[in-house]
Amino acid sequence: MMKETVLVSGGAGYIGTHTAVALIEAGYDVVIIDNFSNSEPAAVEGVEKIVGRKVCLEEVDTCDKEALRGVFERHQFNTVIHFAAYKAVGESMSEPLKYYQNNLVSYMNILEMMKEYGRPNVLFSSSATVYGDAEQLPVTEQTPRQPATSPYGNTKQIAEDILHDCCRAYEGMRGIALRYFNPIGAHQSALIGELPRGVPNNLVPFITQTAAGIRECLSVFGSDYDTPDGTCLRDYIDVNDLAKAHVAAVARMTSGKMEQRYEIFNVGTGNPVSVLDLITRFEKANGLKLNYKMVERRAGDVPAVWADTTLANEVLGWKAERDLDDTLRSSWEWEKRVRNIS
Ligand code: UD1
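Report follows, based on the coordinates.

## Some points on the packing of aromatic side chains
Two aromatic rings are characterised by how far apart their centres lie and by the angle between their planes. By the definition in use, this model includes six aromatic pairs. Each ring, one from Y86 and one from Y99, has its centre 5.4 Å from the other, and the planes form 55°; the classification is tilted. Of the two residues, Y86 sits in the loop between strand 4 (79–82) and helix 4 (89–94) while Y99 sits in helix 5 (residues 96–116), which places them 13 residues apart along the sequence. Assessed through its relative accessible area of 22%, Y86 is described here as partly exposed. By relative accessible area, Y99 is classed as buried at 1%. Members of the aromatic cluster, joined through ring pairs, are F72, F77 and Y117. Residue placement shows K115 over the ring face of Y170; its charged tip is 4.9 Å from the ring centre.

## Considerations on the nonpolar core
L23, V30, L178, L316 and W318 are the most contacted members of the largest nonpolar core, which totals 42 residues. Take this core: its biggest share by element is nine residues, from helix 8 (residues 239–254). Once you skip the residues sitting within four places of it in the chain, L178 turns out to touch L123, F124, S125, S126, S127, A245, H246, A249, F265, V267 and L316. If you look at the next biggest cluster of nonpolar residues, it comprises 25 residues, including V60, V80, V122 and I162.

## Some points on empty space enclosed by the protein
Using the criterion set out here, one finds two cavities of 30 Å³ or more in the structure. Taken as a whole, the largest cavity spans an internal volume of roughly 90 Å³. Taken together, Y14, G185, A186, E194, P196, V204, P205, T208, S331, W334 and E335 form the lining of the largest cavity. Those elements that place two or more of their residues in the lining of the largest cavity are helix 7 (203–211) and helix 11 (324–339). When the residues that make up the lining of the largest cavity are grouped by side-chain class, the tally is six nonpolar, three polar and two charged. A volume near 50 Å³ is recorded for the second largest cavity. Together, H82, A84, A85, N103, L104, Y107, F124, T155, K156 and A159 line the second largest cavity.

## Describing the sheet that holds strand 1 (residues 5–9)
Across the sheet, which stays open at both edges, the seven strands sit in the order 3-2-1-4-5-6-11 with parallel pairing between neighbours. Each end of this open sheet is capped by a strand with a single partner; those strands are strand 3 (56–58) and strand 11 (262–267). Direction aside, the axes of adjacent strands within the sheet are offset by 20° on average. The strands touched by helix 1 (residues 14–25) are strand 1, strand 2 (29–33), strand 4 and strand 6 (174–180); relative to strand 2, the strand with the most contacts, the crossing angle is about 165°. Lying on the sheet, helix 5 is in contact with strand 1, strand 4 and strand 5 (121–127); it crosses strand 4 at an angle near 175°.

## Describing the pairing of strand 2
With four of its five residues buried, strand 2 lies for the most part within the structure. Strand direction decides the pairing type here: strand 1 and strand 2, joined by five bridges, are parallel. Within the sheet, the bridge partner assigned to V6 lies in strand 2 and is V30. Tracing the backbone out of strand 1, into helix 1 and back to the parallel element strand 2 gives a crossover that is right-handed. As judged from the three bridges shared by strand 2 and strand 3, these two strands associate in the parallel manner. Counted as the bridge partner of V31 is C56 from strand 3. Handedness of the crossover joining strand 2 and strand 3 through helix 2 (residues 41–51): right-handed.

## Some remarks on the site of the ligand
The environment of the ligand is formed by 20 residues, the closest being L203, S219, R234, R298 and D301. N202 is positioned such that a nitrogen or oxygen atom in its side chain is 3.1 Å from an oxygen atom of the ligand. Separating an oxygen atom of the ligand from a side-chain N or O atom of R234 is a distance of 2.6 Å. Surface burial for the ligand is 88%, taken as the share of its 740 Å² of free accessible area covered by protein chains. Listed by contribution, the elements that provide at least two residues to the shell around the ligand are helix 7 and strand 8 (218–221). With four residues, strand 8 is the largest single contributor of residues to the shell around the ligand. Within the shell around the ligand, the residues separate by chemical class into ten nonpolar, seven polar and three charged.

What counts and how
Residues numbered from 1 in each chain as written. Predicted model: local features only at pLDDT ≥ 70, side-chain atom pairs only at ≥ 80, totals over all residues. Heavy atoms only, no water. Phe/Tyr/Trp six-rings, centres within 6.5 Å; stacked < 30°, edge-to-face > 60°. Helix = DSSP H or I, 4+ residues; strand = E, 2+ residues; numbered from the N terminus. Buried < 20%, exposed > 50% of the residue type's maximum accessible area, 1.4 Å probe, protein only. Lys NZ or Arg CZ within 6 Å of the ring centre and 35° of its normal. Core = buried A, V, L, I, M, F, W, Y, C linked by side-chain atoms within 4.5 Å. Contact = heavy atoms within 4.5 Å. 1 Å grid on protein atoms, 1.4 Å probe; cavity = no way out; pocket = protein on both sides within 12 Å on 5 of 7 lines; lining within 4 Å. Points joined across faces, edges and corners; volume = space filled by probe spheres on them. Nonpolar A, V, L, I, M, F, W, Y, C, P; charged D, E, K, R; others polar. Pairing = 2+ DSSP bridges. Axes fitted to C-alpha atoms, helices over the stretch in contact; angles between N-to-C directions. Right-handed = clockwise from strand over helix to strand, strands pointing away. Near = heavy atom within 4 Å. Polar contact = N/O pair within 3.5 Å; in protein donor to acceptor, adjacent residues only side chain to side chain. Areas by Shrake-Rupley, 256 points an atom, 1.4 Å probe, with all protein chains shown as cover.

Here it is as structure tokens:
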């Protein structure tokens, strides 16, 4: 039987590489598109080493519509997973146009090509950021979205709405938006992982860089929140589990089982973990001590958000499986490999 091919935009990135591995391991072929604006060709080589074969790579900027058209001319596929986007919340506040331009133009180009070439299935990378400071926890897919507090967050909301509109209007189009909670960890081989450029914004890369001695001290943003230990609560999802949620969503789209043409799923563990808990678990799992201090709250952070994952569990038949301590060990193994620490 011919293998189904999946186009993976941003496939050299953190979630993209892990998803490419999961797809190939599940029997799909992948075509990766990436312009390496925030990733390295070595990431694709990491994927190839893990799966033991070459992976098709198109070095194309998805904002370049004619170049993207070439990809659609050269490859036959029914499904795209669109990861390619900028994701730094703070930068999006100071450079909104950069974010609207890149994240929305690339996305519209993908959608236009899918429509023009009659390719039906679109899986979009959304984020728990759409829930903002939710009134009820855990959040379900029915929990109302809150007005976005950053251009980055706004691009996620707008992109969800665009997909919804397209699926309603174009009969051949089906869409799934996966709302990721906080992806962490790395592949167990340590051949792929998260590699932020510059000072990390996210908690776990900051933790591992502090452990590696690249950062002197980890700042815990806020210890006076109305939470059990005063620090924020988040739902940390292993990136390999998250990758498998994409495989489940692709299977749902390609099997024709979707009940509505546009569906949304939360992808998290359902377990809230505080910043302090995460630090302690990281220290214990890896047998080391972190230098950290409590500082002021970070603007824009919500006190708590975690997922109700019932829908993904029941409809996608997917659930988070990896143990948090193993995940935190994988983060450290990856950092050590990247920094040549034994
Ligand atoms: C952030 C973004 C979110 C985006 C997601 C993916 C914000 C407000 N939200 O989520 O929109 O979808 O990343 O990249 O930026 N923390 C520290 N010290 C640090 C870093 C983080 O204490 O050095 C704390 C934060 O206050 C937060 C938790 O760790 O409570 C997780 O932070 P982070 O990893 O940045 O993720 P989010 O803010 O949840």
